[in-house]
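Coordinates in review
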Amino acid sequence: MAYSKELHERARAEIKRRKTDAEYTAQQHRNELNTRYPEFQFIESELAKTGMEIVGVFASKDNVQERLATIRAKNTTLRNERKKLLKALNLPEDYLDVKYTCEKCQDTGYIEERDDERGVSYGTKYCTCHQELLKKYASEKMSKATPLELSSFDDFDLGYYPKQVGSSGESPYEVMKYVYDNCKDYAEEFALDSNNLYFYGRTGLGKTHLSLAIANEVMKKGYNVVYGSVITFLNKLEREKFGRTETFETEDILVDADLLILDDLGAEFSTPFVVSALYNIINCRIARGVPTIISSNLSLDEVKNRYPESIASRIMGKFKIVEFAGKDIRQIQNDE
Ligand SMILES: [Zn+2]
């Protein structure tokens with residue numbers, strides 16, 4: 001993973017904060033019971049003594065097994081008494097346990113890689129919770145310039161689309177009502193295996209609004225969404241590729257996002273670098289089976305003319321085409 005040091009540090013700091021919080025809460029619970037219930041305090045101190053007794057058994061080496069069994073029995077009895085006491089106080093059985101955000105690594109951020117059969121440890125690796133945080137911070141950073149929360153399905157006004165039936169036999173209103181409903185369903189039912197979408201239509205028909213509305217809903221579900229214009233992303237990739245930055249995370253961020261939204265395909269200046277970078281991102285995401293939404297003014301014929309077969313065939317074969325209709329909404333708003 002080529003995420004920057006800064007993002008790794010943020011993730012480590014957050015996991016550490018989670019661990020401290022979890023342990024603090026458990027300690028608070030214990031303190032509270034110690035202060036309020038002498039019988040709890042008694043059980044706790046007896047339990048602490050059994051720990052010391054076990055150390056003593058190993059030190060003296062006499063009748064080790066027998067003495068250990070006695071101490072263990074005492075320990076079990078005390079734990080049961082503590083359980084009963086919690087129940088009598090109407091507290092949950094796990095009230096004194098440390099409740100980690102991530103049980104897998106107990107909020108350490110690391111998992112041991114080991115072969116249990118052979119009893120061999122291969123060292124540690126980052127836990128998935130660390131990876132998830134990296135993705136979250138990276139997408140926040142990447143989408144920082146876009147006010148994702150400003151567009152919602154609720155403030156999308158279908159009233160701007162004319163109801164007169166056009167040459168296609170449908171009115172822009174009918175077309176857009178269908179598009180709107182589909183986008184809303186898409187966002188509501190979003191999953192990692194959702195379709196890729198290709199939004200196509202002239203400027204000002206609401207493509208950006210609806211992609212942002214989808215981004216907003218999908219993020220609320222806890223998925224990691226990266227949104228931005230093709231030009232911005234390609235500029236970042238180019239700067240990294242030619243060594244004008246210190247970090248090299250853009251490609252990973254774009255490929256790793258749960259949902260990637262590429263706005264305004266076709267506005268970029270076409271160079272061999274741009275074409276291969278675009279192909280690489282679209283193709284890696286298709287290979288990973290995660291969804292991408294592309295919005296563009298280019299019709300499929302224009303895509304075919306402008307991009308090499310490798311890109312055009314991916315868009316035509318792997319994306320669901322969503323065509324926007326109507327007059328430029330911004331124009332209508334300005335005319336009023
Ligand atoms: Zn973890």
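Residues numbered from 1 in each chain as written. Predicted model: local features only at pLDDT ≥ 70, side-chain atom pairs only at ≥ 80, totals over all residues. Heavy atoms only, no water.

1. A word on the nonpolar core
Applied cut-off: For the purposes of this section, nonpolar cores are sets of buried Ala, Val, Leu, Ile, Met, Phe, Trp, Tyr and Cys residues that join through side-chain atoms within 4.5 Å. Accessible area is worked out with a 1.4 Å probe on protein chains only. A residue is then buried under 20% of its type maximum, exposed over 50%, and partly exposed in between. The helix count covers DSSP runs of H or I at least four residues long, the strand count covers runs of E at least two residues long, and both are numbered beginning at the N terminus. These domain limits were set by an automatic method or by a database of domain assignments. Two residues form a contact once any of their heavy atoms are found within 4.5 Å.
Counting 42 residues, the largest nonpolar core has Tyr-198, Val-226, Leu-265, Leu-278 and Ile-294 as the members making the most contacts within it. At the level of elements, helix 1 (5-36), helix 4 (128-142), strand 3 (196-200), helix 7 (230-241), helix 8 (250-256), strand 5 (259-265), helix 9 (272-288) and helix 11 (309-318) are the ones that each hand at least two residues to this core. Broken down by element, this core gets its largest block of residues, 7 residues, from helix 9. Counting residues domain by domain, this core receives three or more from each of domain 1 (5-88) and domain 2 (145-335). Among all residues touching Val-226, those that are not within four sequence positions of it are Ser-139, Met-142, Ser-143, Phe-233, Ile-253, Leu-254, Ala-257, Leu-259, Leu-260 and Ile-261. Counting residues in each nonpolar core, the second largest holds 29 residues, with Phe-153, Val-179, Ala-187 and Ile-293 among its members.

2. Here's the deal with the pairing of strand 1 (residues 110-115)
For clarity, the threshold we go by: We call two strands paired when DSSP finds no fewer than two bridges between them.
Sheet analysis places strand 1 next to strand 2 (residues 120-126), joined by 5 bridges and oriented antiparallel. Within the sheet, the bridge partner assigned to Arg-114 lies in strand 2 and is Ser-121.

3. A few points about the pattern of salt bridges
Filter applied, for reference: For this document, the term salt bridge refers to a Lys or Arg side-chain nitrogen within 4 Å of an Asp or Glu carboxyl oxygen.
Summed over the entire model, instances satisfying the criterion amount to 19 salt bridges. A salt bridge links Asp-21 to Arg-17, with the nearest nitrogen and oxygen atoms 2.7 Å apart. With a gap of 4 residues between them, Asp-21 and Arg-17 both fall in helix 1, about one helical turn apart. With a relative accessible area of 38%, Asp-21 lands in the partly exposed category. Overall, Arg-17 belongs to the partly exposed group, its relative accessible area being 41%. Linked through salt bridges whose partners overlap, the residues forming this network are Glu-14, Arg-17, Arg-18 and Asp-21.

4. Examining the packing of aromatic side chains
Quick note on the threshold: Here is the rule: rings of Phe, Tyr and Trp (six-membered ring for Trp) pair when centre to centre is within 6.5 Å. Planes less than 30 degrees apart are stacked, more than 60 are edge-to-face, and the remainder are tilted.
What the rule picks out here adds up to 8 aromatic pairs. Ring geometry for Phe-153 versus Tyr-180: centroids 5.8 Å apart, planes at 80 degrees, classification edge-to-face. Here Tyr-180 lies in helix 5 (residues 172-188) and Phe-153 lies in the loop between helix 4 and helix 5, a separation of 27 residues in the sequence. Considered together, Phe-153 and Tyr-180 belong to a single accessibility category, that of buried residues. Taken together, a centroid distance of 5.6 Å and an interplanar angle of 20 degrees make the contact between Phe-156 and Tyr-180 stacked. With a gap of 24 residues between them, Phe-156 in the loop between helix 4 and helix 5 and Tyr-180 in helix 5 connect regions that are remote in the sequence.

5. Quick look at the domain arrangement of the protein
Domains assigned within the protein are domain 1 (5-88) and domain 2 (145-335). Put simply, the middle of domain 1 and the middle of domain 2, counted by C-alpha atoms, are 54 Å apart.

6. Regarding the coordination of the zinc ion
Selection criterion: Each metal site is built from N, O and S donor atoms within 2.8 Å (3.2 Å for Na, K and Ca), and since water is not included, such sites may look incomplete. Geometry is assigned from the angles between donors: four donors with all angles from 85 to 135 degrees make a tetrahedral site, four or six donors whose opposite pairs exceed 155 degrees while the rest stay between 65 and 115 make square planar or octahedral sites respectively, and everything else is labelled irregular.
Donor atoms from the polypeptide that bind the zinc ion are Cys-102 (SG), Cys-105 (SG), Cys-127 (SG) and Cys-129 (SG), placed at 2.3 Å. One way to put it: the 4 donor atoms around the zinc ion meet at angles of 103 to 115 degrees, and that makes the site tetrahedral.

7. A closer look at the side chain of Arg-18
For Arg-18, the location among the structural elements is in helix 1. Given the relative accessible area of 17%, Arg-18 is considered buried. Here Arg-18 is in contact with Thr-101, Asp-107, Cys-129 and Leu-133, once residues within four sequence places are set aside.

8. Focus on the packing of helix 7 against helix 9
Threshold: Axes here refer to lines fitted to C-alpha atoms; in helices the fit is confined to the stretch in contact. Angles between the N-to-C directions go from 0 to 180 degrees. Oblique is the label for any angle not under 35 degrees, not over 145, and not in the 65 to 115 range, which are roughly parallel, roughly antiparallel and roughly perpendicular in turn. Side-chain classes follow a simple rule in which Ala, Val, Leu, Ile, Met, Phe, Trp, Tyr, Cys and Pro form the nonpolar group, Asp, Glu, Lys and Arg form the charged group, and the remainder, Gly included, forms the polar group.
One way to put it is that helix 7 packs onto helix 9 with a least axis distance of 10 Å and a crossing angle of 105 degrees. It follows from the interaxial angle that helix 7 and helix 9 lie roughly perpendicular. Across the interface between the two elements, Val-230, Leu-234, Leu-237, Glu-238 and Lys-241 from helix 7 touch Phe-273, Val-274, Ala-277, Leu-278 and Ile-281 from helix 9. A per-class count over the contact of helix 7 with helix 9 returns 8 nonpolar, no polar and 2 charged.

9. Here's the deal with the sheet that holds strand 4 (residues 225-229)
Taken in spatial order, the 5 strands line up as 4-5-6-3-7 in an open sheet, and their pairing is parallel. Of all strands in the sheet, those with a lone pairing partner are strand 4 and strand 7 (319-323), marking the two edges. Adjacent strand axes in the sheet meet at a mean angle of 15 degrees when their direction is disregarded. Strand contacts of helix 7: strand 4 and strand 5, with the helix running at about 95 degrees to strand 4, the strand carrying the most contacts. Together, strand 3, strand 5, strand 6 (292-296) and strand 7 form the strand contacts of helix 11, whose direction differs from that of strand 7 by roughly 80 degrees.

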